[in-house]
Amino acid sequence: MTEKEETMDISDNQDSAQSAKKNGRTSLLDSGEDFEVLNEEDIDDDPPPLEDAGGGKLKSEEQNGKENVDTDSDPSGPVEEWLDVLGNDQLKKKVLEPGKGRDSRPQKGQNVRIHLKSFLTDGTPVQEQRDLCFTLGDGDVIQALDLTVQLMEMEEKALIQTDAKYAYGTRGSVDPEVPPNAELSLEVELLEATDAPDLELLPPVEKIALASHKRERGNVHYQRGDYAFAINSYGIALQITESSSKVDISAEEEKELIDVKVKCLNNMAASQLKLDHYDAALKSCVSALAHQPENIKALFRMGKVLALQGEYTEAIQTLRKALKLEPSNKTIHAELSKLVKKHSEQRGAEQAMYKKMLGNPSSNSTQKHRAKSSWGLSWKWLFGATAVAIGGVALSVVIAARN
């Protein structure tokens, strides 16, 4: 695994990356950034749902003005009404041609087909898609469409004005070409709404393709820095790969489905790391390794998570295992070297702290030695002085006797 491959799980599937480019989607893992995700069991770490689209307020050209009481005057034309979808004046919808009634509105989870024309606010055309298909509420398209199409009636034509926040944000887009922080006007016609396919009856080839499509969408969210939405897309892809099947599946198809699942878990761990959800990221890595114990990327990310949690010994062991599987990987070499140095510095700091808490043993030993030496010297001096005194007394007695 090269350093560039380490950062991209999409590189494992060049055909899917080329398909993403054809469909106007930028592949997340084509970036040079280290790619790092949520576990379906971590409810608290699930991304927030799309903003509630209910309870919008109507605006009209006659609002904030006095009502015209001159009933004899001719009306100037039909009143144009805007629906403030979120109540913040940043996402508005106006009906151009009514549809078949409220009962014909699509539901979240259904597959819809629309005719879309996109414009900048100055009228510059951005893109036209005659048969754009997506699953409503899955984050397959910009949030402005996900929120407003569910408010449309079948065969309705509507004009949508959206702030950049619900379109392509501060980064803009390369395909379609949209500048950063651009507000958009969208002309939408709802053509069809059908129930999503039964995953249990979905042929394995179609299930693999659907899961891969959701994963690629998660990659786009990740690349744009929308990590919560990326986690949402990866979670949907995981649900598809983990769904039971009433259709026969070959060993090769099952292996391919597991490969997609592991890629989703790896990418999910990356997104979770970006959001500092370390426990969730660790579970994603563990789940990936349960299917592929020698997956280099899962081992590498698991080592990073453990290091961030302060588990340096386990992190070093995990990275050494990854390096043993791929000795030439410079990224793992660099991470392991950095971690070993950091661990050594931490141990040195801990030892210094313990010495300070317990006192300096060498200093105490020196003091005891000095005290002992001092006492020995004092004892010798005392013994010598006593001997001299006794000798002096004896000499005095002898002199006295002679006299």
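Treat the numbers as computed from the prediction; the structure is a model and nothing was measured.

Colleague: How would you sum up the packing of helix H4 (residues 204-223) against helix H6 (residues 251-274)? Please name residues and give values.
Modeller: Two elements in contact, H4 and H6, have axes whose closest approach is 10 Å; the angle formed by their N-to-C orientations is 15°. It follows from the interaxial angle that H4 and H6 lie roughly parallel. In this structure, the crossing between H4 and H6 has a hand that is left-handed. Contacts between H4 and H6 pair Pro204, Val205, Lys207, Ile208, Ala211, Ser212, Arg215, Asn219 and Tyr222 from the former with Glu253, Glu256, Leu257, Val260, Lys263, Cys264, Asn267, Ala270, Ser271 and Lys274 from the latter. A per-class count over the contact of H4 with H6 returns nine nonpolar, four polar and six charged.

Colleague: Summarise the pattern of salt bridges; cite the residues concerned and give the values.
Modeller: Pairing between side chains of opposite charge can happen when their charged atoms approach one another. In this structure the tally under the stated criterion is twelve salt bridges. One salt bridge in this structure joins Lys93 and Glu156, with 2.8 Å as the shortest N-O distance. Of this pair, Lys93 sits in strand E3 (residues 91-97) while Glu156 sits in the loop between helix H3 (143-148) and strand E6 (157-162), and the two are 63 residues apart along the sequence. Taken as a pair, Lys93 and Glu156 share a single burial class, namely buried. Across the pair Asp259 and Lys255 runs a salt bridge, and its minimum N-O distance is 3.6 Å. A residue pair is termed a helical-turn pair when its members lie 3 or 4 positions apart in one helix, as Asp259 and Lys255 do in helix H6 at four residues.

Colleague: Please provide a residue-by-residue account of the environment of Val305, values included.
Modeller: Within the secondary structure, Val305 is located in helix H8 (residues 296-308). A relative accessible area of 0% means that Val305 is categorised as buried.

Colleague: Talk me through the nonpolar core; I want residue IDs and the actual numbers.
Modeller: One finds Tyr222, Met302, Ile332 and Leu339 to be the most contacted residues of the largest nonpolar core, which totals 42 residues. When residues in this core are grouped by element, the largest group, nine residues, is from H6. Counting 31 residues, the second-largest nonpolar core is a separate cluster that includes Leu91, Val149, Leu151 and Ala182.

Parameters at a glance
Residues numbered from 1 in each chain as written. Predicted model: local features only at pLDDT ≥ 70, side-chain atom pairs only at ≥ 80, totals over all residues. Heavy atoms only, no water. Axes fitted to C-alpha atoms, helices over the stretch in contact; angles between N-to-C directions. Helix = DSSP H or I, 4+ residues; strand = E, 2+ residues; numbered from the N terminus. Parallel < 35°, antiparallel > 145°, perpendicular 65-115°, else oblique. Left-handed = near helix turned anticlockwise from the far one by under 90°. Contact = heavy atoms within 4.5 Å. Nonpolar A, V, L, I, M, F, W, Y, C, P; charged D, E, K, R; others polar. Salt bridge = Lys/Arg side-chain N within 4 Å of Asp/Glu carboxyl O. Buried < 20%, exposed > 50% of the residue type's maximum accessible area, 1.4 Å probe, protein only. Core = buried A, V, L, I, M, F, W, Y, C linked by side-chain atoms within 4.5 Å.

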